[in-house]
Each structure stands twice: as structure tokens, then as C-alpha cells.
Amino acid sequence: MPGVSARGLSPEQRRQLAVKLTRVLARYRPILDAYIIEFFTDNLWATLPGSWQEALDGLKPPQLATQLLGVPGEGEVVRYSSVWPLSLLALKSTACALAFTRTPGFQTPSEFLENPSQSSRLTAPFRKHVRPKKQHEIRRLGELVKKLSDLTGCTQVVDIGSGQGHLSRYMSLGLGLTVKSVEGDPRLVERAQRLDQELLQALEKEEKRHPQVVLAGPRCSPQHVVRWVEPTALCEELLLPLETLPRGGARLLLTGLHVCGDLSVALLRHFSCPEVVALASVGCCYMKLSDPGGYPLSQWVAGLPGHELPYRLREGACHALEEYAGRLRRSGPGLRAHCYRAALETVVRGARPELRRPGVQGIPRVHELKIEEYVQRGLQRVGLDPRLPLNLAALRAHLSQENRVVAFFSLALLLAPLVETLILLDRLLYLQEQGFHAELLPIFSPELSPRNLVLVATKRPLGEAFSLLETEDR
């Protein structure tokens, strides 16, 4: 969907965007605060203006994708089936205008045209054990890190929260970078080291078959370190060079692929260390940010009225708008899951009023169940008697409002990118206040990877050279 480009905003434009975002989020806070599983218990439909109810009621899922979320299918033209109130049109326009765009500036043929599970841009050894989404992500982020490393004279890349090491392996064995891989879970590190050896063996076989396509020069696997990185304290292990360097010392580039919660904040705090010259971070799991401590970081946002983003808002910002719009266009039975869960909530509270929003472990193939079957399984999962007498007429009345549930959830999803924009804008302003240079770039295809904005920071301005980071390697 359209939006504002995060690239090239002046410091004052960034501050004013933060002002607008806090005002808009405060205005529509009731929608953002609502839990969709309380659709019936809290009568959420009635909280919408009557004119909104009239415009949205009866819209089929594909119409919601096109008319409300503004994500039409290929070749589809947006046509409204009725006259919408100006207030609803204003919400839609504002949400589109103030959110950072997640559409990359380059257009290239899909790397999965030939095979939906194998990127044509990665050789076979780097695809093994890696899902398509991750193949796309490690290739795109790895290539950006390589360019940023060359531009800043980096001597070593530090991959923080590296998990099984897929990104680290691609950067070191695929792109020839010197990489330290930091992960707190020793089991993941052990797995990463096994995969390193497996990849080395595969590359040796590949070299014998096709010596001309293999990376020239010595191969060095990433150095794996087991270490938890605290968000509030500097970690000396991150800053240690892997080898003795000549005068001038290490020049480190910190990176992380979907670093979770406070770990993304830790990267920003380590950027102030003199050894660090560049940063390329893609965050996620905003609901896991410490409160306070993880947001806000900048003095500017902290001083704005209405800047607060409680857990519910940050959790909503992690939803995938483009993916949900695709589900709406397909209009499959899986869309009724929210309606089923909201109906279950009415039964739970009828049995135990003090039990609110209990977690329900995944119920497989929800869309194939009758609503009463789903409720019985749900009751068992929350520790209640599945043989409780059910009001089938009430449950089926709830089910008849499935499209309203989907419409309300779509409204909340329309606003969710504004929350993510404010969180990321706060990080830009935080670095800006320290005199650093930072930009945000959409790096992944949003259909494959919704959290696709990479925060790139340097100690000195890159000028026109920065545009090199936005191009897609051929």
C-alpha cells in the first residue's frame, strides 16, 4: 500500500511526522485498544459510528481488501458499493499517508518463479535447511550488509541474535565477510556449527564441479559465540575483534535479522561505541519491548502527548497487513477463526466471569469444525468442562456476524502500520539526537516478509553513495 518514504526526510520532517502520528493514534485509540476476541462480550461493533457500520456492514472480504485496506488485486479497480462517510474515508487516507511504505524501490522478477521453495538467486548449498522466506531475507540483508561494509571500511560484521546462523553463513561463506555470530541459546549455536560444516563440505563438492562459480579466496566460517546481550548494558564480547588488527583497530558493523524486542534496542545502544561504524538492523516482536526502556528512546517522542504505546498496540503492529489482504481476497473459510474465538469468549465468561482472554492453544483445521465443536475443544484447552451446555442459537447468531468481525479486525489492521512507523521513527530520532546518520529502507518483499524495514546507521554521512544500498543486485 502507498505511504510516506522513510528515506530522505529532514530532521524537522521526522519530528513533525511523529507529532501527526501521536495525534492520529490517540484519536483512534478505542479501535487499537480493542481485542477482537471480545467482539461479542464488549459489543465492539456498536462502538463504531453508525455511518461506519452502515458502510462496512455486508461487505465481503475481497471488498474489504480493496476498499478499506487499499490493497486491490492485480488489475483490480477500487469501486465503492455505497457512499462512505467522510470520517471513514479520512481514516483510510490518513493511515495510508502517514505510514512508512514497505514497498521496495526496485522492481525485479520474483526469485521464486521457477520453484516456489527455492530462490533462484541463491546457489543450492545456501538454500539447504532454509525456508523460502528466510532465503529471500538472508540474501537481501546479506547483500546490503556487504555494500555497507565496503562503503564504511568495516573489518568485521557482528550478527546479533543469529539463531541457527543462516545469515552469518551466507555473509561469511557466500559474500566473503568476516563474521562473528552471537546467540544466547547454546542449542542453536551447536546447530549452527553443524550446519557450517555441512555447508563447507557442500561448497567443496560444488567447487570441484563448477570451480568458476565458487567464491574466490579462503573460506572462513563465522565465529559463533554463546552470549545473551542485555538491552541496558554494553556487551564487551560484541566489540572484540576476531583477529589482531593493525593500528586503527576494529571497525565493526552490527546487524540483526528480525532481532526480537529489546535486542533491537541493544543494537542501537551499542552503536555509540567507538569501534562500531555502521548498523543494519531489522526489528520485530515490538510487543516484547520493555516498558519503559524499549520505547520511547528519543527525547522528542517521549515529550509528545499521547506517545504511549501499550502492549496491545505494539502487538498489533506485528500483524501482516499484506498477507491478511491476500486472505481477504481469497475469502477462504480460515477467516472465521476470529469469529469462532470471539464466540468461545462469551461461553468462557458465562462459565467463569473472572477468566478473561485465556490463551487457547492451537486448534487444528478450525475452518472444518462446526462452531459448537470448536467451542467444546476450546473449553477443554482453557481448563473448563467441554460438556458444558451450549446455547446453540446464540453461537449461530454470533457466526452470522462473521463479516462484521472481519471488518472490525481489518479496521484495526489498517491502523497497525502507524504504530510500527512511530516505533521506527522514534529509533531514527534517537540516533539523530546523538549526531548519527540513519535511514530506513524497505528491503524485503512485504508479501514474503512484512517486517521489512531495515534501519541503516553510520557515523558519517554517505551522501550519494547511500543510494547504492537501495539497488537490487542483478
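Residues numbered from 1 in each chain as written. Predicted model: local features only at pLDDT ≥ 70, side-chain atom pairs only at ≥ 80, totals over all residues. Heavy atoms only, no water.

An unreviewed UniProt entry lists the protein under the name Protein RRNAD1 isoform X2, with Enhydra lutris kenyoni as the source organism.

Things to note about helix 9 (residues 186-209)
Put simply, the rule reads: Strands are runs of DSSP state E lasting at least 2 residues, helices are runs of H or I lasting at least 4, and numbering of each runs from the N terminus. Multiply 1.5 Å by the residue count of a helix minus one, and that product is the helix's expected span. For every residue, the accessible area obtained with a 1.4 Å probe (protein chains only) is divided by the maximum for its type, and the residue is called buried under 20%, exposed over 50%, and partly exposed between those limits. In this analysis, two residues are considered to be in contact whenever any of their non-hydrogen atoms come within 4.5 Å of each other. A 3.5 Å cut-off defines polar contacts: any pair of N or O atoms within that distance qualifies, except that in protein one atom must be a possible hydrogen donor and the other a possible acceptor, and neighbouring residues in sequence count only when both atoms are side-chain atoms.
The terminal C-alpha atoms of helix 9 lie 35 Å apart, and with 24 residues this matches the ideal 34 Å at 1.5 Å per residue to within 8%. Of the positions making up helix 9, those classed as buried are Val 189, Ala 192, Leu 195, Asp 196, Leu 199, Leu 200, Leu 203 and Glu 206. Where helix 9 is buried, its residues meet helix 6 (124-127), helix 8 (166-174), strand 2 (179-183) and strand 3 (223-226). Measuring from the side-chain oxygen of the N-cap residue of helix 9 to the backbone nitrogen of Arg 187 gives 2.9 Å; that N-cap residue is Asp 185.

A closer look at the domain arrangement of the protein
The line we're drawing: In this document the domain limits rely on a domain assignment from an automatic tool or a database. Buried area is calculated as the accessible area (1.4 Å probe) missing from two parts once they are joined, with the contributions of both summed. The term salt bridge refers to a pairing of a side-chain nitrogen on Lys or Arg with a carboxyl oxygen on Asp or Glu at a separation within 4 Å. Charged residues are taken to be Asp, Glu, Lys and Arg, nonpolar residues to be Ala, Val, Leu, Ile, Met, Phe, Trp, Tyr, Cys and Pro, and polar residues to be all remaining types, Gly included.
By domain assignment, the protein separates into domain 1 (11-103 + 319-416) and domain 2 (115-293 + 433-468). Between the C-alpha centres of domain 1 and domain 2 the distance comes to 36 Å. Together domain 1 and domain 2 conceal approximately 750 Å² of surface at their shared face, both sides included; 57% is due to carbon and sulfur atoms. Put simply, domain 1 and domain 2 have one salt bridge between them. In this structure, Glu 439 engages Arg 14 in a salt bridge whose closest nitrogen and oxygen atoms are separated by 3.3 Å. Here domain 1 and domain 2 share four residue pairs in polar contact (both at pLDDT 80 or more) between them. Classifying every residue of the side of domain 1 that touches domain 2 by side-chain character gives two nonpolar, three polar and three charged.

Quick word on the nonpolar core
Cut-off, in case you're wondering: Throughout, nonpolar core names a set of buried Ala, Val, Leu, Ile, Met, Phe, Trp, Tyr and Cys residues whose side chains join them through atoms within 4.5 Å.
Ranked by internal contacts, the top residues of the largest apolar core, which has 114 residues, are Leu 56 and Phe 100. The dominant element in this core, judged by the number of residues it contributes, is helix 18 (residues 402-433), at 20 residues. Here this core spans two domains, since at least three of its residues come from each of domain 1 (11-103 + 319-416) and domain 2 (115-293 + 433-468). Not counting the four nearest positions on each side in its chain, Leu 56 is found in contact with Trp 45, Leu 64, Leu 68, Trp 84, Leu 88, Ala 407 and Leu 411. Leu 144, Cys 154, Ile 443 and Val 456 belong to the second largest nonpolar core, which has 34 residues in total.

Observations concerning the side chain of His 258
Secondary-structure assignment places His 258 in strand 4 (residues 252-260). Of note is the side chain of His 258, whose polar atom sits 2.8 Å from the backbone oxygen of Arg 451. Sequence-distant contacts of His 258, that is, excluding residues within four places in its chain, are made with Lys 133, Glu 137, Val 282, Gly 283, Cys 284, Phe 444, Ser 449 and Arg 451.

Some remarks on the packing of helix 5 (residues 86-98) against helix 18
Geometry of a packed helix pair, given as the angle between the helix axes and the separation of the axes. As a reminder of what qualifies: The convention used is that axes are lines fitted to C-alpha atoms, helices contributing only their stretch in contact, and that angles between N-to-C directions extend from 0 to 180 degrees. Handedness of a crossing is defined here by the sense of rotation of the near helix relative to the far one, left-handed for an anticlockwise turn of less than a right angle and right-handed for a clockwise turn.
Across the interface, helix 5 lies against helix 18 with an axial gap of 9 Å and an inter-helix angle of 35°. The element helix 5 and its partner helix 18 pack so that their crossing is left-handed. For the pair helix 5 and helix 18, the contacting residues are Leu 88, Leu 91, Lys 92, Thr 94, Ala 95 and Leu 98 in the first and Leu 411, Leu 414, Leu 415, Leu 418 and Thr 421 in the second.

Quick notes on the pattern of salt bridges
Here the structure, examined in full by the defined rule, presents 29 salt bridges. Among the salt bridges present, the one from Glu 420 reaches Arg 451, with a minimum N-O distance of 2.8 Å. Within this pair, whereas Glu 420 is found in helix 18, its partner Arg 451 is found in the loop between strand 6 (437-442) and strand 7 (453-458), the two being separated by 31 residues in sequence. Neither Glu 420 nor Arg 451 differs from the other in exposure class; each is buried. By sharing partners, the salt bridges in this structure join Glu 38, Asp 42, Arg 341, Glu 345, Arg 349, Arg 356 and Arg 357 into a single network.

So, the packing of aromatic side chains
Note the cut-off: Under the pairing criterion, centres of Phe, Tyr and Trp rings, with the six-membered ring standing for Trp, must be within 6.5 Å; the plane angle then separates stacked pairs below 30 degrees from edge-to-face pairs above 60, leaving the rest tilted.
Applying the stated criterion to the full structure yields seven aromatic pairs. Measuring from ring centre to ring centre gives 5.2 Å for Phe 39 and Phe 40, while their planes differ by 90°; the resulting arrangement is edge-to-face. For the pair formed by Phe 39 and Phe 40, the shared burial category is buried. On the numbers, 5.6 Å between centres and 85° between planes, the contact of Phe 126 with Tyr 170 is edge-to-face. In this pair, Phe 126 is assigned in helix 6 and Tyr 170 in helix 8, connecting sequence segments 44 residues apart. Tyr 170 gets classed as buried once you look at its relative accessible area, which sits at 7%. Put simply, the rings of Phe 39, Phe 40 and Phe 408 pair up and form one aromatic cluster.

Side note on unusual backbone geometry
With an omega of -5°, the peptide bond running from Tyr 295 to Pro 296 counts as cis. Its place among the elements puts Pro 296 in the loop between strand 5 (276-284) and helix 12 (299-302). Unlike most non-glycine residues, His 258 shows phi in positive territory, near 55°. Take His 258: its relative accessible area is 17%, and that puts it in the buried class. Backbone geometry places Ser 331, a non-glycine residue, at a positive phi of 55°. Position of Ser 331 among the secondary structure elements: in the loop between helix 14 (321-330) and helix 15 (337-351).

Looking at the pairing of strand 7
To be explicit about the condition: Note on pairing: two strands pair once DSSP finds at least 2 bridges between them.
The buried fraction of strand 7 amounts to six of the six residues, a majority that puts the element mostly inside the structure. Going residue by residue along strand 7, you find Leu 453, Leu 455 and Ala 457 tucked away on one face and Val 454, Val 456 and Thr 458 tucked away on the opposite face as well. As defined by bridge partners, strand 5 adjoins strand 7 across four bridges and the pair is classed as antiparallel. By the bridge assignment for strand 7, Ser 281 is matched with Leu 455. Summarising the sheet, strand 6 and strand 7 pair through six bridges and their orientation is antiparallel. Looking across to strand 7, one finds that Leu 441 is bridged to Val 454.

Points about the environment of Glu 198
In this fold, Glu 198 is placed in helix 9. In this structure Glu 198 comes out as partly exposed when scored by relative accessible area, which is 30%. Considered as a pair, Glu 198 and Lys 128 are 70 residues apart in the sequence and their alpha carbons are 9.7 Å apart. Residue contacts for Glu 198: discarding those within four places in its chain leaves Lys 128 and His 129.

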